[in-house]
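Analysis of the macromolecular model
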Amino acid sequence: MRIRAKRTENHSPADWLITGGWLNQVHPADISQKFDCGGENVFLAAGFIDLQINGYGGIDFNDAGTTTEQISAVTRALWRTGVTAYCPTVITESPDHISRCLTNVIRAADESPEFALAFTGIHLEGPFISAEDGPRGAHPRQHVRPPDWEQFERWQDTARGQIRILTLSPEWPESFDFIERASATGVIVAIGHTAANPARIADAVRAGAKMSTHLGNGSHAKIDRHPNYIWEQLANDELWASFIVDGHHLPPSVVKCFLRGKGIARSILVTDAIAAAGCAPGKYKLGNVEVEVTEAGRVCLPGTPYLAGSALEMHDAIGKTVAYSGAALEDALRMASANPAKLLGLDDKFGTIEVGRRADLVLFEWDEQAMALSVVATIVNGEIVYRRNNDE
Ligand SMILES: [Zn+2]
């Protein structure tokens, strides 16, 4: 297959040849040759990788009844947003409920070829998080608990070792031993939904914590101006940080400061999308929690100031990152592809557009005025899985 598209860095069209699922060759566009996908005015990027998706299009990974067919449907729907790989995210619930949700994901990875290609491990967010209102976010308080290694091992067995990211709060004294053990098994421990003091944040990093989950969210509405757990994580060069850039979770000025403080090389865009993402505004029941999606796309717990996940799509997160932070488009794209691939240790496989990498690609148009990215086509493992025009 031949793809014609421009790189964002130099704007000159090139022809990309794909064989057997892999990027095989690239050379300047040969206008005497026909191509299968793309065009002179379309840009090419590596497929987007989302480390935090709770659900999409009415389907919830936290519903114990979610089927393989539904998980396949989420995967296909995400192609329209440029996402070719992701970590289904399971949040705080009872041990048995979490096990059932993990089982559903693992079954889908066995049974659904399209999900198997997209699956980059499970993100378990909780239940070892802060019990305090604010940091706890929308996680149900009755299931929040201190880190428990034996319980985690049971879940990891259920998940056949596929829990790849674990978000916890280091305010629990049990955290440090837990982080050391989990990190030793290759799990990426992330700090999030935390009320920990700065010293504990630093201790968690020394114990092996690698990332801040949606930094600036899952926190108190009011905190000491300094020191506090946000500055401490932002300043720590050992920590990657994920950000929800939807215009609701973080104001534009904060996005700009956070991204410049953390640096492009350590920043990752996530959607934290919930089942109501991709749905019309209204009230939705997620497990036992009711959430409301407003006309403006804000997802909150009705009657509170607290956000409860997002309805964000990755192509929008990239446009908003450029708009809010002044980042170059190629840097915003990197935060949605190469950076998460690197954190996951999958950068030798995908996340960049290099010969020898798996052909997971997004072709898109970029509206410089509106700072809006529009996905034209998505390619997974060398096959065109989505074309915008087929949809219209
Ligand atoms: Zn969260």
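Whatever comes next refers back to the structure up there.
Residues numbered from 1 in each chain as written. Predicted model: local features only at pLDDT ≥ 70, side-chain atom pairs only at ≥ 80, totals over all residues. Heavy atoms only, no water.

Looking at the coordination of the zinc ion
Looking at the zinc ion, the protein donor atoms are Glu125 (OE), His193 (NE2) and His214 (NE2), and they sit 2.0 to 2.1 Å from it. In primary sequence terms, the donor set of the zinc ion follows E-x67-H-x20-H. Highlighted residues: Glu125 in strand β9 (residues 122–125) and His214 in the loop between β12 (211–212) and α7 (229–235), separated in sequence by 89 residues. The exposure class of His214 is buried, given its relative accessible area of 3%. (Donors = N, O, S within 2.8 Å, 3.2 Å for Na, K, Ca; no water. Helix = DSSP H or I, 4+ residues; strand = E, 2+ residues; numbered from the N terminus. Buried < 20%, exposed > 50% of the residue type's maximum accessible area, 1.4 Å probe, protein only.)

Some words on unusual backbone geometry
For residues besides glycine, phi is generally negative; the peptide bonds are generally trans as well. With an omega dihedral of 0°, the bond running from Gly126 to Pro127 counts as a cis peptide bond. Within the secondary structure layout, Pro127 lies in the loop between β9 and α4 (149–158). Across the junction of His226 and Pro227, the peptide omega takes the value -5°, indicating a cis bond. Residue position: Pro227 is located in the loop between β12 and α7. Phi angles above zero are rare outside glycine, and His193 is one such case at about 45°. Structurally, His193 can be placed in the loop between β11 (188–191) and α6 (198–207).

Description of helix α2 (residues 95–111)
If you check α2, its first and last C-alpha atoms are 24 Å apart, about what 17 residues at 1.5 Å a residue would give, namely 24 Å. By the burial criterion, the buried members of α2 are His97, Ile98, Ser99, Cys101, Leu102, Asn104, Val105, Ile106 and Ala108. Against α1 (68–79), β8 (83–91), α3 (113–118), β9, α4 and β10 (163–168) lie the buried residues of α2. (Expected span 1.5 Å × (residues − 1). Contact = heavy atoms within 4.5 Å.)

What to know about the side chain of Arg2
Mapping Arg2 onto the fold places it in strand β1 (residues 2–7). Separated by 2.7 Å, the side chains of Arg2 and Asp15 make a polar contact. (Polar contact = N/O pair within 3.5 Å; in protein donor to acceptor, adjacent residues only side chain to side chain.)

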